[in-house]
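One letter stands for each residue in the lines below.
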Amino acid sequence: MTDSADGDSGPGRPTGRVDGERVYSGRRIHVDVDRVRFPDGSIGRLELIRHPGAAAVVALDLPEPPGEAAGTPPLEPVVTLVRQYRYAAGGFIWEVPAGNLEPGELPEACALRELEEEAGLRAGHLERLASVRTTPGFTDEVIHLFAAWELEAGETSHEASEFMDVHRLPLARTIEMIDAGEISDGKTICALTLAARWVDRRVDRRMDRIGASGV
């Protein structure tokens, strides 16, 4: 919605928020109605969901380096997913472990915390894959995606409203599930696709080192 002529409008002024009001404050999100200056100088009102941000993590059991015996294949990468009840989705869906950032919490710390709370795993290594804006048309939410490996058992800690089962699946199988529409969660599709590329690059670097050493 665009307002009529306004003293704040006009070309040459910086774009962005002019003013606004908070119309709802919840446990996870807030909703603002802001007056915004657009690139052409006009002023309009936009509804915006304010979100604290989140982290999601692909937990990877990675292949061991090939054995000394010729032709010994590496093991297949395996990922840990949760199948979680989501009211908004109308039932259970496949997801990577994920959750909202606590106040002052770094995305890396959030990813490690959610990995243990949801999947019961601790990670020895963590690497950022990407940060994605989920739906910039109406929310400022950013989800930070990570790969985690060198896993060991931890302890789950689910909230009363969380209902989920933990599953281990070959990474290649999860890509097939994306193609087949079995995985529909946006952050999970992004995270698994990026993780598959990350694993491929890791294998390529390993093979380059082997070639350089003459082994």
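Residues numbered from 1 in each chain as written. Predicted model: local features only at pLDDT ≥ 70, side-chain atom pairs only at ≥ 80, totals over all residues. Heavy atoms only, no water.

## Description of a nonpolar patch on the surface
At step 1: On the surface, Y85, Y87, F92 and F163 cluster together into a nonpolar patch covering about 500 Å² of accessible area.
At step 2: Summarising the element assignment, F92 is placed in strand 6 (residues 91-95). (Patch = residues over 30% accessible without salt bridge, like charges linked within 9 Å, V, L, I, M, F, W, Y side chains within 5 Å. Areas by Shrake-Rupley, 256 points an atom, 1.4 Å probe, with all protein chains shown as cover. Salt bridge = Lys/Arg side-chain N within 4 Å of Asp/Glu carboxyl O. Helix = DSSP H or I, 4+ residues; strand = E, 2+ residues; numbered from the N terminus.)

## Some thoughts on the nonpolar core
At step 1: Membership of the largest hydrophobic core comes to 26 residues, with the highest contact counts inside it found for V58, L60, L81, L192 and W198.
At step 2: Within the residue set of this core, elements represented by two or more residues are strand 4 (54-61), strand 5 (78-86), strand 9 (142-153), helix 2 (171-179) and helix 3 (186-213).
At step 3: The element best represented in this core is helix 3, accounting for six residues.
At step 4: If near-sequence neighbours (up to four positions away) are discounted, L60 is found in contact with V78, V79, A147, A148, W149, E150, L151, L171, W198 and V199.
At step 5: Ranked by size, the runner-up nonpolar core spans 11 residues in total, among them A55, A111, L115 and A119. (Core = buried A, V, L, I, M, F, W, Y, C linked by side-chain atoms within 4.5 Å. Buried < 20%, exposed > 50% of the residue type's maximum accessible area, 1.4 Å probe, protein only. Contact = heavy atoms within 4.5 Å.)

## A short note on the sheet that holds strand 2 (residues 30-37)
At step 1: Reading across the sheet, the three strands line up as 1-2-3 and stay open at both edges, with antiparallel pairing between neighbours. With one partner strand each, in any of the chains shown, strand 1 (16-25) and strand 3 (43-50) form the two edges of the open sheet. Adjacent strand axes in the sheet meet at a mean angle of 25° when their direction is disregarded.
At step 2: Relative to strand 3, strand 2 runs antiparallel, the two being bridged by eight bridges. Each bridged residue has a counterpart across the sheet, and for V31 the counterpart in strand 3 is I49. (Pairing = 2+ DSSP bridges. Axes fitted to C-alpha atoms, helices over the stretch in contact; angles between N-to-C directions.)

## Observations concerning the confidence of the model for the protein
At step 1: When pLDDT is averaged across the protein, the result is 89; 83% of the residues are at 70 or more.
At step 2: A low-confidence stretch, residues 68-74 stays under pLDDT 50, and its non-local contacts, those more than four residues away or across chains, total four contacts. (pLDDT = per-residue confidence, 0-100.)

## Some thoughts on the side chain of T80
At step 1: As for its placement among the helices and strands, T80 is situated in strand 5.
At step 2: The contacts of T80, once residues within four sequence positions are left out, are A59, P97, A119, L121, V166, H167 and R168.

## Looking at the layout of surface pockets
At step 1: Estimated volume of the largest pocket: approximately 1200 Å³.
At step 2: Together, 39 residues line the largest pocket, and R28, H51, R86, N100 and K187 are the ones closest to its centre.
At step 3: Mapped by element, the contributors of at least two residues to the lining of the largest pocket are strand 4, strand 5, strand 6, strand 7 (98-100), helix 1 (107-119), strand 8 (121-133) and helix 3.
At step 4: A breakdown of the residues in the lining of the largest pocket according to their chemical character gives 15 nonpolar, nine polar and 15 charged.
At step 5: If you add up the space inside the second largest pocket, you get close to 200 Å³.
At step 6: Around the second largest pocket, the lining comprises 14 residues; the ones closest to its centre are L46, E47, L48, P136 and G137. (1 Å grid on protein atoms, 1.4 Å probe; cavity = no way out; pocket = protein on both sides within 12 Å on 5 of 7 lines; lining within 4 Å. Points joined across faces, edges and corners; volume = space filled by probe spheres on them. Nonpolar A, V, L, I, M, F, W, Y, C, P; charged D, E, K, R; others polar.)

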